[in-house]
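Structural features, examined
So you can see what is in the structure, the chains are spelled out below.
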Amino acid sequence: MKEDFLHYLWQYKKFDFSNLTTVSGELLTITHCGNYLQQSGPDFFNAQIVIGNQKWAGNIEIHIKSSDWYLHHHEKDPNYENVILHVVWNHDTPVFRKDNSEIPVLELKNYISKKDLENYQALVSPKSWIYCESQIATVDSFVLLNWQQRLFIERLERKYIPIEQLLEETENNWEAVLFCMLAKNFGLNTNGETFFKIAKSFPFSIIRKESAEVENLESLLFGTADLFPFDIQDNYTKDLKNRFEYTSQKHKLKKIIIEPVQFFKHRPDNFPTIRLAQLAMLYHKQQNLFSKVIASKTLKELHQLFEITISEYWQTHYQFDKESPKKKKQFSKSFIDLLVINTIVPIQFAYAKSHGKETSESLLDLLREIAAEKNIIIEKFSNFGIKAKNAFEAQSLLQLKNEYCNYSKCLQCVVGIQLLKS
């Protein structure tokens, strides 16, 4: 038995109201169960009850055992002085307010149907991956779609937090925030944090000042990443290193300590050298990129922003001093889609939110145009009958798994609630 199940029973009135009595035998009538705000303090606010002939208005606190009141130190918290009813599964000890008056107790287990208990036990019994894996496909498609839309907004709200922090650090410089977020996603899972630290290590104004020559941007990124080989052979690499030393002195850059970038297990087109060279070319070609990102409303427009070709040197190299067959190494459609999902859409959402505008519907439509990404979570849901047809549905399923299933929040999840109701 978990406390959130008792919250569910109380919130949705899943118990027999007809002949309630407190543990002391007094007749109890519930006029209003209260508001479930999920804040600090009592579980349900502004409830209304009648005990005997006395009407009460106040708050409801719910526990598995009465003694949990003292285990959680509520007797020391003034927020609990206005509790008018203590709802528990098992009553094991009386609870008193500071004025020594005893708080009335309702022992809920006496009023719950066997069927509701069986449904709950079936839902939370151990499974191979998630609790509802054998039942989730039975949830009404309309209910599931509405829940996915809410999950999508929750995911955007979660992604807004680091953007908001970056805005504070950069004094509301949206161009700088976009650069940092793009850098992180250019690094993918393996090098994302390292690329992010590189992008944050110098003012974005330096990118603006040095963007006239792509070599200047490459030298800045490669030098900060400490990617120049110790024994330099070719002239291009020597030139980049010289440019970096000059730029460092010119802008008084401090050397930062970062984790070495990783090449291992990456396809050559995803080597950190290639991704940094592409990032340099992007900011060489696209001035005021943030303004263009905000102005772009369609997937086609966003793809056009990233239609660039890497510099000549990197068309014939994957690493310094190691020549390879020539390849333009343009952004793939799938990589641009990942940038749209993980950087562009969150940035557009954050910018609209900061200006009090609503964009969630248009962003949802945008992600419906993108194929669902492939990963183990999406694959698992598919195995249990929930197939993501596009990026919007995939993002909502990632939010469901990471923020609900992983924490066993079945009774805060529409899927769990629907399964219990059925």
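The paragraphs below set out a description of the structure included in this document. (Residues numbered from 1 in each chain as written. Predicted model: local features only at pLDDT ≥ 70, side-chain atom pairs only at ≥ 80, totals over all residues. Heavy atoms only, no water.)

1. Observations concerning the packing of helix α5 (residues 174-186) against helix α10 (residues 272-285)
Where α5 contacts α10, the two axes come as close as 10 Å, and the packing angle between them is 155°. As the angle between them shows, α5 and α10 are arranged roughly antiparallel. Viewed along their axes, α5 and α10 form a crossing whose handedness is right-handed. Residues E175, L178, F179, L182, A183 and F186 of α5 form the contact with α10, whose own contacting residues are R275, Q278, L279, L282 and Y283. Its residues assigned to classes, the contact of α5 with α10 shows eight nonpolar, one polar and two charged. (Axes fitted to C-alpha atoms, helices over the stretch in contact; angles between N-to-C directions. Helix = DSSP H or I, 4+ residues; strand = E, 2+ residues; numbered from the N terminus. Parallel < 35°, antiparallel > 145°, perpendicular 65-115°, else oblique. Left-handed = near helix turned anticlockwise from the far one by under 90°. Contact = heavy atoms within 4.5 Å. Nonpolar A, V, L, I, M, F, W, Y, C, P; charged D, E, K, R; others polar.)

2. Structural notes on the layout of surface pockets
A volume near 1100 Å³ is recorded for the largest pocket. If you trace the largest pocket, you find 38 residues lining it, with N185, L188, N189, L338 and N342 closest to the centre. Contributing elements (two or more residues each) for the lining of the largest pocket: α4 (141-169), α5, α6 (188-200), α10, α14 (333-354) and α17 (391-403). The dominant element in the lining of the largest pocket, judged by the number of residues it contributes, is α4, at eight residues. The residue makeup of the lining of the largest pocket, split by class, is 13 nonpolar, 13 polar and twelve charged. Of the voids in this model, the second largest pocket is the one considered here, and its volume is about 330 Å³. In this structure, the second largest pocket is lined by 16 residues; those nearest its centre are G223, T224, F244, S248 and K255. For the lining of the second largest pocket, the residue count by class is seven nonpolar, four polar and five charged. (1 Å grid on protein atoms, 1.4 Å probe; cavity = no way out; pocket = protein on both sides within 12 Å on 5 of 7 lines; lining within 4 Å. Points joined across faces, edges and corners; volume = space filled by probe spheres on them.)

3. Topic: the pattern of salt bridges
Going through the model one piece at a time under the given rule, you end up with 13 salt bridges. Taking the shortest distance from any N to any O, the salt bridge between K327 and D269 comes out at 2.7 Å. Here K327, found in the loop between β9 (322-323) and α14, pairs with D269, found in the loop between α9 (235-250) and α10; they are 58 residues apart in sequence, far enough to count as distant. K327 gets classed as partly exposed once you look at its relative accessible area, which sits at 37%. As a salt-bridge pair, R368 and D365 come within 3.1 Å of each other at their nearest N and O atoms. With R368 and D365 both in helix α15 (residues 360-368) and three residues apart, this pair spans about one turn of that helix. By sharing partners, the salt bridges in this structure join E213, D239 and R243 into a single network. (Salt bridge = Lys/Arg side-chain N within 4 Å of Asp/Glu carboxyl O. Buried < 20%, exposed > 50% of the residue type's maximum accessible area, 1.4 Å probe, protein only.)

4. Remarks on the packing of aromatic side chains
Applying the stated criterion across every chain yields a total of 32 aromatic pairs. Ring centres of F186 and F335 lie 5.4 Å apart, and the angle between their planes is 85°; on these two criteria the pair is classed as edge-to-face. Residue F186 is located in helix α5, and its partner F335 is located in helix α14; the two are separated by 149 residues in the primary sequence. Here F186 matches F335 in class, with each residue buried. Taking the centre distance of 6.4 Å and the plane angle of 55° together, the rings of F228 and F244 count as tilted. Pair noted here: F228 is in the loop between α8 (214-224) and α9 and F244 is in helix α9, with a separation of 16 residues, a long-range link. By the burial criterion, F228 is buried, and F244 matches it. Ring pairing ties together the aromatic residues F222, F228, Y236, F244, Y313, W314 and F320, which thus form one cluster. The aromatic ring of F196 is capped on one face by K184, whose charged end is 5.6 Å from the ring centroid. Taking NZ or CZ as reference, K329 lies 4.3 Å from the ring centre of Y318, over its face. (Phe/Tyr/Trp six-rings, centres within 6.5 Å; stacked < 30°, edge-to-face > 60°. Lys NZ or Arg CZ within 6 Å of the ring centre and 35° of its normal.)

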